[in-house]
Amino acid sequence: MALIEIKVPDVGNVSDIDVVDVLIKPGDVVALEQTIASLETDKASMDLPSSAAGTVQQIFIKPGDKVSEGTLIATVLASAEEAKPEQPAQQAAAPAVAKEDVPAASQPVAAATPAEKAPEPANQPIAAVPEPVQTQESDAAKKAHATPAVRLFARELGVDIHKIKNGSGRKGRILKDDVKNFVKQVMAEGVAQTGAGIPSIPTVDFSQFGEIEEQKLSKIKRLTGQNLSRVWLNLPMVTYHDEVDITEMEAFRNALNAEKSKDDVKITGLIFIIKALVAAMQQFPQFNASLSADGEKLIFKKYFNIGIAVDTPNGLVVPVLRNVNNKGVNELSAELAEKSSKARLGKLMPADMQGGCMTISSLGGIGGTAFTPIVNAPEVAILGVTRAKMQPVWNGKEFMPRLMLPLDLTYDHRVIDGAEGARFMAAVTQNLRDIRRLLL
Ligand code: CAO
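Residues numbered from 1 in each chain as written. Predicted model: local features only at pLDDT ≥ 70, side-chain atom pairs only at ≥ 80, totals over all residues. Heavy atoms only, no water.

A word on the pairing of strand β19 (residues 399-412). Of all 14 residues making up β19, eleven are buried, and the element is well covered by its neighbours. Sheet analysis places strand β9 (residues 237-245) next to β19, joined by nine bridges and oriented antiparallel. In the sheet register, Val-244 faces β19, and the bridge partner there is Leu-405. Summarising the sheet, strand β17 (residues 381-385) and β19 pair through five bridges and their orientation is antiparallel. Counted as the bridge partner of Gly-384 is Asp-408 from β19. (Buried < 20%, exposed > 50% of the residue type's maximum accessible area, 1.4 Å probe, protein only. Helix = DSSP H or I, 4+ residues; strand = E, 2+ residues; numbered from the N terminus. Pairing = 2+ DSSP bridges.)

Shown next, in the form of structure tokens:
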């Protein structure tokens, strides 16, 4: 049996090295070259391997201490056969600096080669203190509790290691698995953390505040969420609000519905809004266009298909009414009734939801005075509709009760200028105010 002192070896001309972690305690059985402590300078971090196998007797350092070459770390009681025969008593083991931690271009300042040193144990890692390394790690990252190999792994994956809280290793040490789990979590959060460098929403354990219940999102909700986030991050959007007097339109709609039998599909105001929108798109072709993926050209469409956002128990879906310019209000009413019913029953086919040129999102049946819908890209605009209500409107002589419909136009500002947006809405509202214009 021999009592071996483990000391900080020759680490080059570096002193006052921080002890980040001590990984052994008295009574532990350590193996040869097992990491027993983590040390860190402002240039590199290193694992200190045990130069002996045996039972730890005493530890002389603690996290936060500063050590230099020769500082006594611990004593290990090794049996004769456990102690390395070629290792002189009190020989300090060299800390293992993860080789990968040193960029290929940088040269070690004082890489002590075996020839320059007292005899090194076989397979002993070579002590090396690297040149100041441009790791691009923040100060916080340098303080993160992880081995050089784990830091390197995190850097290779582009992970800022200090963002990983609560490592699962001893005393919160960050392990490779923690880095992997962090990446998985970020991926699962979808576009929340993209190249735009947007910080993700913190994860909160809500159960600490009261009872909770988890419910998986429907596939539609998940896909819609991803799409909306993508659009939100990619498009500079502007929403323009307007209102239009639909008193005459409503009178005409009521007259048409009064002529219908109870089995006929009723005409809702939305059908006139669809017709008015398409008439304006014919007048302003840039609203019936899409920007090419490289942002270099506009693709104009010669067909007029309108998507209608339909609220379903599983989430929002957008069936498309095709060739609206060639269809009358009765035909469109029947088609909207059929497609919105299919949508609610989850029976829409993918083709029913493709080929839209612009989308309408109508909350009018529910309420509201205004909102800011998100463009259904690569379309360039979306029309939002909220609830019409009777208002006193000044006609130059007196206030008259008029049915006023609020409209909201959100557009992709890369394609549509503010003035174009306002002119387009002037055309839409003109068409709705006097629906005879739809015949022109
Ligand atoms: N102002 C006042 N009343 C309105 C109105 C408006 N702007 N729009 C609809 N209404 C009335 C209708 O006239 C109808 O009244 P009656 O029952 O007296 O006939 C009632 O509200 C219900 O209409 P509706 O919503 O069933 O029919 P619609 O043609 O107006 O809309 C559809 C069809 C499919 C768009 C709608 O049912 C729907 O799903 N809306 C939700 C859309 C949505 O969730 N959008 C997403 C927003 S987030 O981007």
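Once that is clear, we can look at the nonpolar core. Judged by nonpolar contacts, the single largest core of 49 residues is most densely connected at Ile-306, Ile-360, Phe-424 and Leu-432. Secondary structure elements with two or more residues in this core: α5 (247-258), α6 (269-283), β12 (306-308), α7 (329-344), β16 (358-362), β17, β19 and α8 (418-433). When neighbours within four sequence positions are excluded, Leu-432 is seen to be in contact with Val-244, Asp-245, Ile-246, Met-249, Phe-272, Ile-273, Ala-276, Leu-405 and Leu-407. Core analysis: the second largest hydrophobic core is formed by 23 residues, Val-8, Ile-24, Ala-37 and Leu-48 among them. (Core = buried A, V, L, I, M, F, W, Y, C linked by side-chain atoms within 4.5 Å. Contact = heavy atoms within 4.5 Å.)

This part is about the side chain of Thr-247. Residue position: Thr-247 is located in helix α5. Among the polar contacts made by the side chain of Thr-247, one reaches the main-chain amide nitrogen of Leu-403 at a distance of 2.9 Å. With residues near it in sequence (within four places) discarded, Thr-247 still touches Arg-402 and Leu-403. (Polar contact = N/O pair within 3.5 Å; in protein donor to acceptor, adjacent residues only side chain to side chain.)

With that settled, consider unusual backbone geometry. For the bond running from Ala-377 to Pro-378, omega is 10 degrees, close enough to zero to count as cis. Within the secondary structure, Pro-378 is located in the loop between β16 and β17. Of note, Asp-16 is a non-glycine position whose phi angle comes to about 50 degrees, a positive value. Positionally, Asp-16 belongs in the loop between β1 (2-7) and β2 (17-22). In the Ramachandran plot, Asn-323 falls in the positive-phi region, its phi being about 45 degrees despite a non-glycine side chain. Along the chain, Asn-323 falls in the loop between β15 (320-321) and α7.

Below, the discussion takes up a nonpolar patch on the surface. Taken together, the side chains of Val-204, Phe-206, Phe-209 and Ile-212 present a nonpolar region at the surface, about 430 Å² in accessible area. Here Ile-212 lies in the loop between α3 (176-188) and α4 (219-234). (Patch = residues over 30% accessible without salt bridge, like charges linked within 9 Å, V, L, I, M, F, W, Y side chains within 5 Å. Areas by Shrake-Rupley, 256 points an atom, 1.4 Å probe, with all protein chains shown as cover. Salt bridge = Lys/Arg side-chain N within 4 Å of Asp/Glu carboxyl O.)

Another aspect to go through is the site of the ligand. The ligand sits among 21 residues. The nearest are Thr-268, Arg-344, Ser-361, Thr-386 and Ala-388. Separating an oxygen atom of the ligand from a side-chain N or O atom of Arg-344 is a distance of 2.8 Å. Calculation on the ligand without its partners gives an accessible area of 960 Å², and the protein chains cover 65% of this total. In terms of residues, the shell around the ligand owes the most to one element, α7, which gives three residues. A class-by-class count of the residues in the shell around the ligand yields ten nonpolar, seven polar and four charged. (Near = heavy atom within 4 Å. Nonpolar A, V, L, I, M, F, W, Y, C, P; charged D, E, K, R; others polar.)

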